[in-house]
Amino acid sequence: MASRICDSVLVTGSNRGIGLELVRQLVDSALRPIKIFAGCRHPNEPKAQELQELAQKHQDVITVVQLDINDPDSITKALKLVEAKLEDKGLNLIINNAGVNNKKSLADTGKSEMVQVFSTNVVGPMLVAKDFHPLLCKAANQFPHETSMSCSRSAIINVSTYVSSITLCPTNFSSAPMYPYRVSKAALNMLTRCLAEDFKKDGILVMALHPGWVQTEMGGSKAPLKTAESVKGMLEVITRLTEKDSGTLLDWKGESIPW
Ligand SMILES: NC(=O)c1ccc[n+]([C@@H]2O[C@H](COP(=O)([O-])OP(=O)(O)OC[C@H]3O[C@@H](n4cnc5c(N)ncnc54)[C@H](OP(=O)(O)O)[C@@H]3O)[C@@H](O)[C@H]2O)c1
């Protein structure tokens with residue numbers, strides 16, 4: 001019998017777009033996790049209604065967690081709630097999905113536009129990784145004789161983008177001349193490499209994943225991919241990851257993207 005994707009997972013920014021579809025497909029999977037923590041910064045607002053309805057339908061599996069990755073106190077409170085619900089088992093997987101793109105060109109980018117995007121796309125995922133690290137270690141240690149890495153053991157997936165690639169910038173800059181987004185996601189890639197090196201000793205896999213160009217509020221209506229197709233691919237990639245993938249940037253089909 002195939003094993004679960006993992007026992008427990010936290011998805012940030014899960015009230016809409018790719019994050020909501022991740023929670024939906026995880027809970028619908030035959031191999032679904034036992035516990036899904038759905039991070040959402042405003043769980044009581046109308047834009048969280050779809051997520052709340054899904055959580056209501058699967059009360060035994062989904063816990064909606066207030067989590068604003070720009071707010072260190074919110075991250076600490078979320079950690080405490082998740083820790084209590086896990087009952088000493090540790091957290092297997094974090095999908096750092098929450099992100100913003102103000103789509104600003106150089107002419108439209110001042111300090112505040114840059115700092116706001118950097119805070120969400122880089123500082124937030126870093127604080128989540130740092131604060132939840134003990135829970136990820138605990139999950140990795142549930143497999144005392146296991147030396148290999150996987151998302152069913154312990155992992156962080158940082159949702160990045162192909163426009164983060166410094167190598168590909170000359171080929172795609174003119175179609176998306178967005179300074180804060182490109183620069184912040186390139187920094188998220190470096191965060192991914194640093195964490196992959198740092199957490200190797202703990203048996204925690206860390207990698208960056210590009211979901212494709214997807215029809216969401218961020219991706220817009222001209223995007224070729226629907227969330228269902230992108231997330232199906234992302235979850236297939238996530239399920240197959242091993243230690244050779246730690247510290248890499250892959251796309252939703254599992255193909256490598258150059259740094
Ligand atoms: N769509 C694409 O074509 C595409 C391509 C490449 C990469 N990506 C990446 O994929 C991820 C998801 O994007 P998407 O297309 O689903 O975007 P989206 O539809 O705009 O959704 C973004 C999600 O992030 C949440 N979020 C933003 N700031 C947050 C914060 N401070 N704390 C917690 N949650 C926060 C939003 O919550 P609120 O509702 O509260 O704002 C929302 O749930 C992002 O990291 C994005 O960069 C997307």
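In this report, the structure presented in the accompanying data block is examined. (Residues numbered from 1 in each chain as written. Predicted model: local features only at pLDDT ≥ 70, side-chain atom pairs only at ≥ 80, totals over all residues. Heavy atoms only, no water.)

**A few points about the site of the ligand**
Phase 1: Neighbouring residues of the ligand: 30 residues in total, closest Asn 15, Arg 16, Asn 97, Tyr 181 and Thr 216.
Phase 2: Side-chain polar atom of Tyr 181 to an oxygen atom of the ligand: 2.6 Å apart, as the coordinates give it.
Phase 3: Here the ligand loses 97% of its free accessible area of 900 Å² to cover by the protein chains.
Phase 4: Contributions of two or more residues to the shell around the ligand are made by helix 1 (17-28) and helix 6 (179-199).
Phase 5: Split into classes, the residues belonging to the shell around the ligand amount to 11 nonpolar, 13 polar and six charged. (Near = heavy atom within 4 Å. Polar contact = N/O pair within 3.5 Å; in protein donor to acceptor, adjacent residues only side chain to side chain. Areas by Shrake-Rupley, 256 points an atom, 1.4 Å probe, with all protein chains shown as cover. Helix = DSSP H or I, 4+ residues; strand = E, 2+ residues; numbered from the N terminus. Nonpolar A, V, L, I, M, F, W, Y, C, P; charged D, E, K, R; others polar.)

**What about unusual backbone geometry?**
Phase 1: A positive phi is found at Glu 87, a non-glycine position, where the angle reads about 50°.
Phase 2: Within the fold, Glu 87 resides in the loop between helix 3 (72-86) and strand 4 (93-96).
Phase 3: Judged by its relative accessible area of 59%, Glu 87 is exposed.
Phase 4: If you check the backbone angles, Lys 103 has positive phi at about 55° while not being a glycine.
Phase 5: Mapped onto the elements, Lys 103 comes out in the loop between strand 4 and helix 4 (111-140). (Buried < 20%, exposed > 50% of the residue type's maximum accessible area, 1.4 Å probe, protein only.)

**Considering the packing of aromatic side chains**
Phase 1: Within this structure, the stated rule accounts for one aromatic pair.
Phase 2: When the ring of Phe 173 is compared with that of Tyr 179, the centres are 5.9 Å apart and the planes differ by 90°; the resulting orientation is edge-to-face.
Phase 3: Judged by its relative accessible area of 30%, Phe 173 is partly exposed.
Phase 4: You can call Tyr 179 partly exposed: its relative accessible area is 30%. (Phe/Tyr/Trp six-rings, centres within 6.5 Å; stacked < 30°, edge-to-face > 60°.)

**Considerations on the sheet that holds strand 3 (residues 62-66)**
Phase 1: Ordered in space as 3-2-1-4-5-6-7, the seven strands form an open sheet in which the pairing is parallel. The open sheet has two edge strands with one neighbour each: strand 3 and strand 7 (249-251). Across this sheet, the average inter-strand angle for adjacent strands is 20°, counted without regard to direction.
Phase 2: Of the pairings in the sheet, the one linking strand 4 to strand 5 (residues 155-159) comprises four bridges and is parallel in character. Bridging across to strand 5, Asn 96 finds its partner in Asn 158.
Phase 3: The sheet strands contacting helix 1 are strand 1 (8-11), strand 2 (35-40), strand 3 and strand 4, and the helix crosses strand 1 at an angle near 160°. (Pairing = 2+ DSSP bridges. Axes fitted to C-alpha atoms, helices over the stretch in contact; angles between N-to-C directions. Contact = heavy atoms within 4.5 Å.)

**Some points on the packing of helix 3 against helix 4**
Phase 1: Look at helix 3 against helix 4: their axes get within 10 Å of each other, and the N-to-C directions meet at 30°. Between helix 3 and helix 4, the angle falls in the class roughly parallel. Note that helix 3 runs across helix 4; the crossing there is right-handed. Contacts from Pro 72, Ile 75, Thr 76, Ala 78, Leu 79, Val 82, Glu 83 and Leu 86 of helix 3 reach helix 4 at Gly 124, Leu 127, Val 128, Asp 131, Phe 132 and Leu 135.
Phase 2: In the contact of helix 3 with helix 4, the residues fall into 10 nonpolar, two polar and two charged. (Parallel < 35°, antiparallel > 145°, perpendicular 65-115°, else oblique. Left-handed = near helix turned anticlockwise from the far one by under 90°.)

**Here's the deal with the nonpolar core**
Phase 1: Counting residues in hydrophobic clusters, the biggest one holds 39 residues, and the most contacted among them are Ile 62, Leu 93, Ile 95 and Ile 157.
Phase 2: Those elements that place two or more of their residues in this core are strand 1, helix 1, strand 2, helix 2 (49-57), strand 4, strand 5, strand 6 (205-210) and helix 7 (227-240).
Phase 3: Of the residues forming this core, the biggest block, six residues, is contributed by helix 1.
Phase 4: Setting aside residues no more than four positions away along its own chain, Leu 93 makes contact with Cys 6, Ser 8, Val 9, Leu 10, Leu 136, Cys 151, Ala 155, Ile 157 and Ile 238.
Phase 5: One finds Ile 75, Phe 132, Leu 191 and Val 206 within the second-largest nonpolar core, a separate group that totals 28 residues. (Core = buried A, V, L, I, M, F, W, Y, C linked by side-chain atoms within 4.5 Å.)

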